[in-house]
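# Coordinate analysis (summary)
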Amino acid sequence: MDKMVNVYLFGKRYQVPESLTIMKAMEYAGYQLVRGCGCRNGFCGACATIYRIHGQQELKTCLACQTKVEEGMYVATLPFFPLVKQIYDIEKIKPTEQIMMQLYPEIYSCIGCNACTKSCTQGLNVMQYIAYAQRGEYEKCAEESFDCVMCGVCSARCPAGISHPQVGVLARRLTGKYIAPESKHLLDRVAEIENGDYKALIEALMQKPLSELKELYNNREIEK
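These notes cover the structure that comes with them. (Residues numbered from 1 in each chain as written. Predicted model: local features only at pLDDT ≥ 70, side-chain atom pairs only at ≥ 80, totals over all residues. Heavy atoms only, no water.)

For helix H7 (residues 164-179), which comprises 16 residues, the first-to-last C-alpha distance of 21 Å matches the rise-based estimate of 22 Å (1.5 Å per residue) to within 8%. Those residues of H7 not exposed but buried are His164, Pro165, Gln166, Val167, Gly168, Val169, Leu170, Ala171, Leu174 and Thr175. Buried positions along H7 lie against helix H2 (97-103), helix H3 (115-119), helix H4 (126-134), helix H5 (138-144) and helix H6 (153-156). (Helix = DSSP H or I, 4+ residues; strand = E, 2+ residues; numbered from the N terminus. Expected span 1.5 Å × (residues − 1). Buried < 20%, exposed > 50% of the residue type's maximum accessible area, 1.4 Å probe, protein only. Contact = heavy atoms within 4.5 Å.)

With that out of the way, let us pick up the packing of H4 against H7. Look at H4 against H7: their axes get within 10 Å of each other, and the N-to-C directions meet at 50 degrees. Classed by the angle they form, the pair H4 and H7 counts as oblique. Considering how the two elements wind past one another, H4 and H7 form a crossing that is left-handed. On H7, the residues touching Val126, Tyr129, Ile130 and Ala133 of H4 are His164, Pro165, Val167 and Gly168. (Axes fitted to C-alpha atoms, helices over the stretch in contact; angles between N-to-C directions. Parallel < 35°, antiparallel > 145°, perpendicular 65-115°, else oblique. Left-handed = near helix turned anticlockwise from the far one by under 90°.)

Our next topic: the pattern of salt bridges. For the structure on display, the rule yields 6 salt bridges. Glu91 serves as the salt-bridge partner of Lys177, at 2.9 Å between the closest nitrogen and oxygen. Taken together, the residues Lys177 in helix H7 and Glu91 in the loop between strand E5 (73-77) and H2 connect sequence positions 86 residues apart. Here Lys177 falls in the partly exposed class, since its relative accessible area comes to 38%. (Salt bridge = Lys/Arg side-chain N within 4 Å of Asp/Glu carboxyl O.)

In structure tokens form, the structure reads like this:
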């Protein structure tokens, strides 16, 4: 049997197995997570969490789905953090340095405190990709921000009010639309889908029981 540890969820102490993630520990303690988080019928990045270990001063950030509980862990989940989301038509904007100044001018107020990088739940070099965005190096920004799950913890910690995840999204869209080389096999596959070549296959999959779908997924051929 797993060793039990003491954790504090929303101010109340619970004893939970040490092998559990924070999210599973919450469910073990009786909390019902029915929506919001990606692995609970929502979107990835929604389980942004802050915690502190008893006797330590450092306030840490993480995603509850991928972080195991520790003895003396005090946990508080973060509500949705509002990010500035500018509206634009990707067909009408171009990958110029001016477009970032126009849509997200706050990135030029960055004071270099690196709080965004230190708090990133994915371990990304957030301040670096913002620096790339400032210089109009969108391909580098897209690569550096690629694994962002939009949890918003970096923005919650930013004194300049930068919406880092949205800046990364814009850089990736500009890169995909204007900078990255055209992918012929992708265009061919999109054309096949639009022609209905996979309609029968998709309909057949929709009729299969969940157990069979799981079996097909777990034993699928993965391109290397």
